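Listed below are the residues making up each chain.
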Amino acid sequence: MKWKQSLMGVVSWVFSFETIFVLYLFAGFYKSDPRLAFIPVDLTLFFFLFSLIVGAWILWKKRFRMSENVLVTVFLMGLFSGWMLISLLWAPRAQYGITKTVQFVALNGWALAGAAMVFDGNKARLRKFYVLLIFLAVVFSFEAYRLYFQELNFLGKKVFGSNYQSLGRLIGLSFVVATGFYLIRNTVSWKRWLYGGIVLFLFFVMLFIGARGPFIATMVASGFIVLFSKELWQRKLVWGVGLVVIFLVGSWALGPSMRTIYRVNVALVHTVG
């Protein structure tokens, strides 16, 4: 029956490696939320171990076959991690340095090399990962909107425990991905409209949270995607006009509460900036 197939499809997404991996990568963005204080384990460690086990099972199923590009990525990450560990031999004997080095090698090593091995040659897994990344950013954005419209101000507020800079990095990355999906030539019509709406939705969030570094980096990266995309110019024009309209209307109607624009202007024209 169709409803059973749909239910199994949802279950396969919720309990997929991609979901676990996204929750691992961004655990630091939400684990300090007071509403999650009842959880007795560190969520970064939990999802790290969980994704490691599931990822190892996937690699075992594919008999650890990897492309040349992935082997190069794993080798370079291993080389850099090895250098960090060896440098502890002559570094000052501080527990902080040892702890941070081990954390970097384990957590970032898996985030880069592990992901490269699991996603290698599997476009379906990679697309699912990107969709889940966008979904997480949309969830964070809804909470940011709620906090912002309480008093038309976002200054000093946190979203699920994340400050404005962390929020800007998550939303900015998802904005770039959503822009890429919007510009793909063979995207079906309703999905194109959906991704276009998500782009505008995320853009407005970036205007008021105050994260000017992530905002500028996002606009530059997205600009390159739009500029070098082979998609029709009409779609690129809609993308650009939509952002300009939101920028102008938001800045005119809401003024100083558009915290990001205010901080960018300070950096450009004010002596303090």
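This structure is a prediction, so every number in the text was calculated from the model and none was measured. (Residues numbered from 1 in each chain as written. Predicted model: local features only at pLDDT ≥ 70, side-chain atom pairs only at ≥ 80, totals over all residues. Heavy atoms only, no water.)

J.: Break down the overall build of the protein for me, citing the residues and quoting the values.
T.: When its secondary structure is counted, the protein shows 12 helices and 0 strands. Ordered by position from the N terminus, the helices and strands of the protein form the series α-α-α-α-α-α-α-α-α-α-α-α. Its C-alpha atoms give the protein principal-axis dimensions of about 60 × 55 × 40 Å. Split into buried and exposed, the 273 residues of the protein put 40% on the buried side. Intrachain contacts of the protein at a sequence separation of at least 6 include 75% that bridge at least 24 residues. Of the roughly 16,300 Å² that the protein leaves accessible, carbon and sulfur atoms contribute 72%. Distance between charge centres in the protein, computed from 27 positive and 8 negative side chains, equals 4 Å. (Helix = DSSP H or I, 4+ residues; strand = E, 2+ residues; numbered from the N terminus. Buried < 20%, exposed > 50% of the residue type's maximum accessible area, 1.4 Å probe, protein only. Contact = heavy atoms within 4.5 Å. Areas by Shrake-Rupley, 256 points an atom, 1.4 Å probe, with all protein chains shown as cover. Lys, Arg positive; Asp, Glu negative; His and termini not counted. Charge placed at Lys NZ, Arg CZ, Asp CG, Glu CD.)

J.: Hey, could you go over the side chain of Thr 179 for me, with residue numbers and the actual values?
T.: Mapped onto the elements of the fold, Thr 179 is located in helix H8 (residues 164-183). Of the residues examined, Thr 179 reaches a relative accessible area of 0% and is grouped as buried. When near neighbours in sequence (up to four residues on either side) are disregarded, Thr 179 contacts Val 199, Ser 222, Ile 225, Val 226 and Trp 239.

J.: Could you give me a rundown of helix H4 (residues 43-61), with the residues and numbers involved?
T.: For H4, built from 19 residues, the straight-helix expectation of 27 Å at 1.5 Å per residue is met to within 8% by its first-to-last C-alpha distance of 27 Å. Every buried residue of H4 is listed here: Leu 43, Thr 44, Phe 47, Phe 48, Ser 51, Val 54, Gly 55, Ile 58 and Leu 59. Down the axis of H4, the smallest arc covering the buried residues is 150°, so these residues share one side. Facing away from the buried side of H4, by more than 90 degrees, are the exposed residues Ile 53 and Trp 60. Sitting at the head of H4, Asp 42 places a side-chain oxygen 3.0 Å from the backbone nitrogen of Thr 44. Of the residues trailing H4, Arg 63 is marked for its positive phi of about 55°. (Expected span 1.5 Å × (residues − 1). Arc of directions from axis to C-beta. Polar contact = N/O pair within 3.5 Å; in protein donor to acceptor, adjacent residues only side chain to side chain.)

J.: Hey, could you go over the packing of aromatic side chains for me, with residue numbers and the actual values?
T.: Taken as a whole and judged by the stated rule, the model has 29 aromatic pairs. With a centroid separation of 5.5 Å and an interplanar angle of 50°, the aromatic rings of Phe 119 and Phe 129 are classed as tilted. With Phe 119 in helix H6 (residues 95-119) and Phe 129 in helix H7 (residues 123-151), the pair connects residues that are 10 residues apart, well separated along the chain. As far as the burial class goes, Phe 119 and Phe 129 line up, both buried. Ring centres of Phe 142 and Phe 201 lie 5.0 Å apart, and the angle between their planes is 50°; this geometry places the pair in the tilted category. Taken together, the positions of Phe 142 in helix H7 and Phe 201 in helix H9 (residues 189-209) put the pair 59 residues apart, joining distant regions of the chain. A cation over an aromatic ring shows up here: Arg 127 above the ring of Phe 181, its NZ or CZ 4.8 Å from the ring centre. (Phe/Tyr/Trp six-rings, centres within 6.5 Å; stacked < 30°, edge-to-face > 60°. Lys NZ or Arg CZ within 6 Å of the ring centre and 35° of its normal.)

J.: Let's hear about unusual backbone geometry: which residues, and what values?
T.: Its identity is not glycine, yet Phe 160 carries a phi of approximately 55°, on the positive side. As for its position among the elements, Phe 160 is in the loop between H7 and H8. Since its relative accessible area comes to 19%, Phe 160 is described here as buried.

J.: Report on the pattern of salt bridges, specifying residues and quantitative values.
T.: Counted by the stated rule, this structure contains 6 salt bridges. Between Glu 18 and Arg 125 there is a salt bridge, with the nearest N and O atoms lying 2.7 Å from each other. Of this pair, Glu 18 sits in helix H2 (residues 17-25) while Arg 125 sits in helix H7, and the two are 107 residues apart along the sequence. Overall, the relative accessible area of 23% leaves Arg 125 in the partly exposed class. When salt bridges that share partners are traced, they join Asp 33, Arg 35, Glu 143 and Arg 146 into one network. (Salt bridge = Lys/Arg side-chain N within 4 Å of Asp/Glu carboxyl O.)

J.: Quick rundown of the packing of H4 against H6? Include the residues and the values.
T.: For the pair H4 and H6, interaxial distance at closest approach is 11 Å and the crossing angle is 30°. In terms of orientation, H4 and H6 fall into the roughly parallel class. As H4 packs across H6, the resulting crossing turns out to be left-handed. Of the residues in H6, those in contact with Thr 44, Phe 48, Ser 51, Leu 52, Gly 55, Ile 58 and Leu 59 of H4 are Ala 106, Leu 107, Trp 110, Met 117 and Val 118. (Axes fitted to C-alpha atoms, helices over the stretch in contact; angles between N-to-C directions. Parallel < 35°, antiparallel > 145°, perpendicular 65-115°, else oblique. Left-handed = near helix turned anticlockwise from the far one by under 90°.)

J.: Residues and numbers for a nonpolar patch on the surface, please.
T.: Nonpolar side chains collect at one region of the surface, where Phe 80, Trp 83, Ile 86, Leu 89 and Trp 90 lie side by side and expose about 620 Å² of accessible area between them. Take Trp 90: it is sitting in the loop between helix H5 (68-87) and H6. Residue classification places Trp 90 among the exposed residues on the basis of a relative accessible area of 54%. (Patch = residues over 30% accessible without salt bridge, like charges linked within 9 Å, V, L, I, M, F, W, Y side chains within 5 Å.)

J.: Can you explain the nonpolar core? Please cite residues and give values.
T.: What tends to happen in soluble globular proteins is that the nonpolar side chains get buried as a cluster. Phe 140, Phe 154 and Phe 208 are the most contacted members of the largest nonpolar core, which has 66 residues in total. Of the residues forming this core, the biggest block, 12 residues, is contributed by H7. With near-sequence residues (within four places) excluded, Phe 154 lies in contact with Ala 144, Leu 147, Tyr 148, Val 159, Tyr 164, Leu 167, Phe 208 and Ile 209. (Core = buried A, V, L, I, M, F, W, Y, C linked by side-chain atoms within 4.5 Å.)

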